[in-house]
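Here's the letter readout for the chains.
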Amino acid sequence: CLSRGLGDVYKRQLDRSAYYPGGSGYVNVTVYNDKGDVIRITEVSATVNYFYADGMQYTQTFYTNATLPVTIVIGQSTSLYVPFALPSNVAHGYGRVNVRAKTEIWNPLTQRWVQSDNPTYELLIYIESPYKQQLQSLEAAHSSTVLMMYAFLATTVLFALMLLVIIVSRRTVGVAAAPPSPQQS
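The sections below set out a description of the structure shown in this document. Since this is a predicted model, take the numbers as computed values, not measurements.

So, about the pairing of strand 7 (residues 93-107). Two strands pair when backbone bridges link them, and strand 3 (residues 39-51) and strand 7 are joined in this way by 10 bridges, in the antiparallel orientation. Considered in strand 7, the bridge of Thr47 is made with Asn98. Examined bridge by bridge, strand 7 and strand 9 (residues 120-127) share eight bridges and lie antiparallel to one another. Counted as the bridge partner of Val99 is Tyr121 from strand 9. With four bridges joining them, strand 7 and strand 8 (residues 112-115) adopt antiparallel strand pairing. Looking at strand 8, one finds that Asn107 is bridged to Arg112. Between strand 7 and strand 8, which pair antiparallel in sequence order, lie four residues; one of them, Gln111, sits at a positive phi of approximately 55°.

Listed below in structure tokens is the structure:
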């Protein structure tokens, strides 16, 4: 758990282990209510900090596309998704994702929602080199070419063996059909 109390974010998960420049994904954020009363989530965001290929730092904040607020009763949890998209000129390497959930708790004395904990957590995001994606495409094409070459080689060998069998069987048939030679007395 990130913190004791309201809205513990106990599960923060990226949808994959690596991303490519120009790619998109989402952060899955699960919020658990361990307070003594009902809570509600008013905002869930993910701020992505990364570098452009030219070395400039970039920060972009994304928000959940869920309809908020979301109410969570005592002892229950809810999961929300925060979609994000990376620019095409982002540098490869690690970046940071700061996940934040703004929450409120119901105050039975005042009969109002009051601001409560705002659990946060930092994740690392790995951005692959675009050259790796190109290399994987080339390797896949190379594998296909090698496989086709092996298939062609196997077909050629099979054809040669069939031709050899035909030639040998014709010679055998030709030798068996030859007339007997006259014997001299």
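Still to come is the rest of the account.
Before going further, it helps to examine the nonpolar core. In this structure, Leu14, Val27, Val31, Val44, Phe84, Leu86 and Val97 are the most contacted members of the largest nonpolar core, which totals 26 residues. Elements with a contribution of two residues or more to this core: strand 2 (24-32), strand 3, strand 5 (70-72), strand 6 (77-85), strand 7 and strand 9.

Applying the stated rule across the entire model yields seven aromatic pairs. Between the aromatic rings of Tyr50 and Tyr58, the centroid separation amounts to 5.3 Å while the plane-to-plane angle is 40°, which identifies the pairing as tilted. What makes Tyr50 buried here is its relative accessible area of 1%. On the basis of an interplanar angle of 55° and a centroid distance of 4.8 Å, the ring pair of Tyr94 and Tyr126 is categorised as tilted. Taken as a pair, Tyr94 in strand 7 and Tyr126 in strand 9 lie far apart in primary sequence, 32 residues in all.

The tally for this structure, following the rule as stated, stands at four salt bridges. For Lys102, the salt bridge goes to Glu43, with nearest N and O atoms at 3.9 Å. Remark: Glu43 occurs in strand 3 and Lys102 occurs in strand 7; sequence separation between them is 59 residues. We note a salt bridge from Arg96 to Glu122, for which the minimum N-O separation is 3.0 Å. Within this pair, whereas Arg96 is found in strand 7, its partner Glu122 is found in strand 9, the two being separated by 26 residues in sequence. With a relative accessible area of 41%, Arg96 lands in the partly exposed category. Residue classification places Glu122 among the partly exposed positions, given a relative accessible area of 39%.

Conventions used here
Residues numbered from 1 in each chain as written. Predicted model: local features only at pLDDT ≥ 70, side-chain atom pairs only at ≥ 80, totals over all residues. Heavy atoms only, no water. Pairing = 2+ DSSP bridges. Helix = DSSP H or I, 4+ residues; strand = E, 2+ residues; numbered from the N terminus. Core = buried A, V, L, I, M, F, W, Y, C linked by side-chain atoms within 4.5 Å. Buried < 20%, exposed > 50% of the residue type's maximum accessible area, 1.4 Å probe, protein only. Phe/Tyr/Trp six-rings, centres within 6.5 Å; stacked < 30°, edge-to-face > 60°. Salt bridge = Lys/Arg side-chain N within 4 Å of Asp/Glu carboxyl O.

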